[in-house]
Structures are given as structure tokens and as C-alpha cells.
Amino acid sequence: MSGQTVGDLPGVVVTGVSGRMGQMLVREILASDRLRLVAGVERTGHGWVGRDLGAAMGGADLGVPVMDDALEAFAKAQAVIDFTTPEATVGFAELAAQARAVHVIGTTGLSEADLAKIKAAARHAVVVRAGNMSLGVNLLTLLTKKVAAALDEDWDIEIVEAHHNQKVDAPSGTALMLGEAAAEGRGVALADVSDRGRDGMTGARKRGDIGFAALRGGDIVGEHDVMFATAGERLILRHVASDRSLFARGALRAALWGQDKAPGEYDMLDVLGLN
Ligand SMILES: NC(=O)c1ccc[n+]([C@@H]2O[C@H](COP(=O)([O-])OP(=O)(O)OC[C@H]3O[C@@H](n4cnc5c(N)ncnc54)[C@H](O)[C@@H]3O)[C@@H](O)[C@H]2O)c1
Ligand SMILES: O=C(O)C1=N[C@H](C(=O)O)CCC1
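These numbers were taken from a predicted model, which means no experiment stands behind them.

Scoring rules and cut-offs
Residues numbered from 1 in each chain as written. Chains lettered and ligands numbered in written order. Predicted model: local features only at pLDDT ≥ 70, side-chain atom pairs only at ≥ 80, totals over all residues. Heavy atoms only, no water. Core = buried A, V, L, I, M, F, W, Y, C linked by side-chain atoms within 4.5 Å. Buried < 20%, exposed > 50% of the residue type's maximum accessible area, 1.4 Å probe, protein only. Helix = DSSP H or I, 4+ residues; strand = E, 2+ residues; numbered from the N terminus. Contact = heavy atoms within 4.5 Å. Phe/Tyr/Trp six-rings, centres within 6.5 Å; stacked < 30°, edge-to-face > 60°. pLDDT = per-residue confidence, 0-100. Near = heavy atom within 4 Å. Polar contact = N/O pair within 3.5 Å; in protein donor to acceptor, adjacent residues only side chain to side chain. Areas by Shrake-Rupley, 256 points an atom, 1.4 Å probe, with all protein chains shown as cover. Nonpolar A, V, L, I, M, F, W, Y, C, P; charged D, E, K, R; others polar. Domains from an automatic or database assignment. Lys, Arg positive; Asp, Glu negative; His and termini not counted. Salt bridge = Lys/Arg side-chain N within 4 Å of Asp/Glu carboxyl O.

### Re the nonpolar core
- Core analysis: the biggest nonpolar cluster contains 37 residues, and Leu25, Leu53, Ile81 and Val104 have the highest contact counts within it.
- Of all the secondary-structure elements, those providing two or more residues to this core are strand S1 (11-15), helix H1 (20-31), helix H2 (53-56), strand S4 (79-82), strand S5 (102-105), strand S6 (126-129), helix H9 (245-257) and helix H10 (268-271).
- Here this core gets eight residues from one element, more than from any other, and that element is H9.
- Not counting the four nearest positions on each side in its chain, Leu53 is found in contact with Val17, Val26, Leu37, Trp48, Leu62, Val64 and Val66.
- One finds Val147, Ile157, Ala175 and Leu237 within the second-largest nonpolar core, a separate group that totals 17 residues.

Structural data, given as C-alpha cells:
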């Protein structure tokens, strides 16, 4: 970015700016010399709306407003980084497309109907979506696919995830990415073999199923095991995130990467050049 003035840097809006990821994103953007923070967006009625973002975060004024009019905010930006809720993200996808801003989506828990709306928005603008923005997890999806392809159904696949006690969706977006990768490696559709939330007299495990289990507690940032278990041995692939900043840095990288791309839906494997 040599020779650029601050005004030339791509402008970014962070939605859900008061949230765990929102505040982490603000800190990473302020520390970056490649992106410029233009606004934060929060839901109508939130106490931060109308305030300066720096002051709202308990520091000095930044000259960056917190707004609840997303379209007005997006009109000033080249990228929108969005870690909010499924309902909010679907609305933001349409507005980001109208503003022709790159929409980086970290929100998880999206339904098939939500994904269809995001796909429609991606006809007009760049969307980068991933249930996990870290390099390690995205590499883990490739390893999972490879191991699943190498092993037959004598090997049971179980995905175990653990997160903090405020997480509202399960299985995690990451666990679902890993499940998709395992299913792809096996040449099956995840929807046909997914086994979630066992409880009570479940009967014996069905051969070929991919099982999911979710743990919630304390301040766990995010842990994922993909277990391949057969008679006499187990292989466990594990990722442990100990700091949310790695998700935020992945999102910033995606926002920059998307600046010169054609409209469409992309993921972090595209951003990282691993596809
Ligand atoms: N993809 C990844 O790498 C990754 C990493 C961490 C978290 N996540 C996901 O990001 C999402 C947010 O996680 P979090 O821990 O920051 O949650 P959080 O609850 O701390 O933050 C969500 C924020 O969104 C705001 N919000 C809700 N509706 C809104 C609306 N209509 N307009 C504007 N703001 C709105 C809330 O007020 C809140 O500040 C979750 O889906 C989580 O699973 C993804
Ligand atoms: O804290 C969360 O919520 C996280 N969500 C993502 C998921 O659902 O996999 C990524 C890890 C943290």
C-alpha cells in the first residue's frame, strides 16, 4: 500500500460493533495500515447508536459514528464485516449488494433459506462467508477431507466442539464446515448422514453416520476435534483457538482480498489460496 494516503484505503463498516467479535474487529482495523474504519452499525435501540465508537468502547473519540441505518453506513464503505445474527446478516447482504461493498460474513447458524438469500445478493457483489476465518481451521477442513477419503466406513467420524457459554447456535459453524469436508471426502451428502444431539435410547450408532456433539462452558474461544474411530485405534485431528483476534484478522484479509474480485460467493479457502 505504499504511496497511499489514508483516504485511499478501503473503508470498512463493522456490524454488530458492540459484540465480542465486533469490538475485536475494531481493534484489528485500527491497528491495520491497510483498511480504514468508517462506521460501526448496531441494532436500533442499542445504547451505542448515535455515539462516537471510541467513546462507546470506553476510550478517546475516533471520529467514527455508531449508526443504526445500515444502508447509509454501507454507502460510505468498500467492505462490510459482519459477525451478527442470521436475521441481521440476511438483511445486510441485500444492503451491502446495493452499496456494491464486499460483504464478509462470519455469522453462523444460517438456515438453508438464509443461505439462498445470501446467494441471491452475491449476484451483485462479492460475498466471502466462512463459519471460521482462521487459517488453522481452514487447513483442518482439507486434512479432514483427505483422511475421510482414505478411510472406509469401518471408521466412525465424530465431530466434537466446545465454545463459551454465550454461544447461541449448535453445532458450531466450524463443526458444520468440518462435517461437510468429511462428507465430501467420503463422497456422501452431509444431510444424509448427519447425526446430531443424541439423547436417551438412541440405538447403536449407524455405520457411515457423521456424529456431532457440542459442549458449552465458561470463556472457551473455540475448540474442535474430528475423531476417526475404529476397532483398536482412533485418529483425532484437533484445532484450538485461544484468541478471537485470529478470526478478526482472517476477516480483514477477506475484506482486502475481495476488493478486486468479480461478484460471487467465496470462502476462506479462496482467500487463502487453498482452493
Ligand atoms: N466465522 C468466524 O470465524 C466466527 C468467529 C467468531 C464468531 N463467529 C460468529 O459471529 C457471530 C457473532 O458472535 P459474537 O460472539 O460476536 O456475538 P455477540 O452476541 O457478542 O455479538 C453480536 C452483535 O450483533 C449485534 N446485532 C444483532 N442484531 C443486529 C442488527 N440487526 N443490526 C446490527 N447489529 C446487530 C448485537 O447487538 C451484538 O452486538 C456468531 O454467529 C458467531 O458464531 C464466527
Ligand atoms: O464464538 C463463537 O460463536 C464462534 N463461532 C464460530 C463457529 O460457530 O464455529 C467460530 C468459532 C467461535
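### Description of the packing of aromatic side chains
- Enumeration over the complete set of coordinates arrives at two aromatic pairs.
- With 5.7 Å between their ring centres and 65 degrees between their planes, Phe74 and Phe92 make a pair best called edge-to-face. With Phe74 in helix H3 (residues 70-74) and Phe92 in helix H4 (residues 86-98), the pair connects residues that are 18 residues apart, well separated along the chain.
- In this structure Phe92 comes out as buried when scored by relative accessible area, which is 12%.
- Seen in terms of ring centroids, Trp257 and Tyr266 are 5.0 Å apart; in terms of plane orientation they differ by 75 degrees. Their pairing is edge-to-face.

### Focus: the confidence of the model for the protein chain
- Looking at the protein chain, the pLDDT average stands at 97 and 98% of residues meet or exceed 70.
- As scored by the predictor, the complex reaches a pTM of 0.97 and an ipTM of 0.99.

### Some thoughts on the site of ligand 2
- Around ligand 2 lies a shell formed by Thr108, Gly131, Asn132, His163, His164, Lys167, Ser172, Gly173, Thr174, Val221 and Phe247.
- Separating an oxygen atom of ligand 2 from a side-chain N or O atom of Thr108 is a distance of 3.5 Å.
- Within the backbone of Gly131, one N or O atom sits 3.4 Å away from an oxygen atom of ligand 2.
- Across the complex, the protein chains shield 85% of the 310 Å² of accessible surface that ligand 2 would expose by itself.
- Along the lines of polarity and charge, the residues of the shell around ligand 2 split into two nonpolar, eight polar and one charged.
- In terms of domain composition, the shell around ligand 2 takes at least three residues from each of domain 1 (11-133 + 245-272) and domain 2 (135-242).

### Structural notes on the side chain of Asp52
- Note that Asp52 resides in the loop between strand S2 (36-41) and H2.
- Of the side chains bearing the opposite charge, Arg51 lies closest to the buried Asp52, which forms no salt bridge; the N-O distance is 8.2 Å.
- A polar side-chain atom of Asp52 sits 2.8 Å from the main-chain amide nitrogen of Gly54.
- There is a polar contact of 3.2 Å between the side chain of Asp52 and the backbone nitrogen of Val64.
- Once residues lying within four places of it in the same chain are set aside, the contact partners of Asp52 are Ala60, Asp61, Leu62, Gly63, Val64 and Val66.

### Let's talk about the site of ligand 1
- As a matter of local geometry, ligand 1 sits amid 22 residues, with Arg20, Met21, Glu42, Thr108 and Lys167 nearest to it.
- One of the backbone N or O atoms of Gly131 is found 3.1 Å from a nitrogen atom in ligand 1.
- Side-chain polar atom of Lys167 to an oxygen atom of ligand 1: 2.8 Å apart, as the coordinates give it.
- Within the complex, the protein chains bury 81% of what would otherwise be the 870 Å² of accessible surface of ligand 1.
- For the shell around ligand 1, the secondary structure elements donating two or more residues are H1 and H4.
- Classifying every residue of the shell around ligand 1 gives seven nonpolar, 10 polar and five charged.

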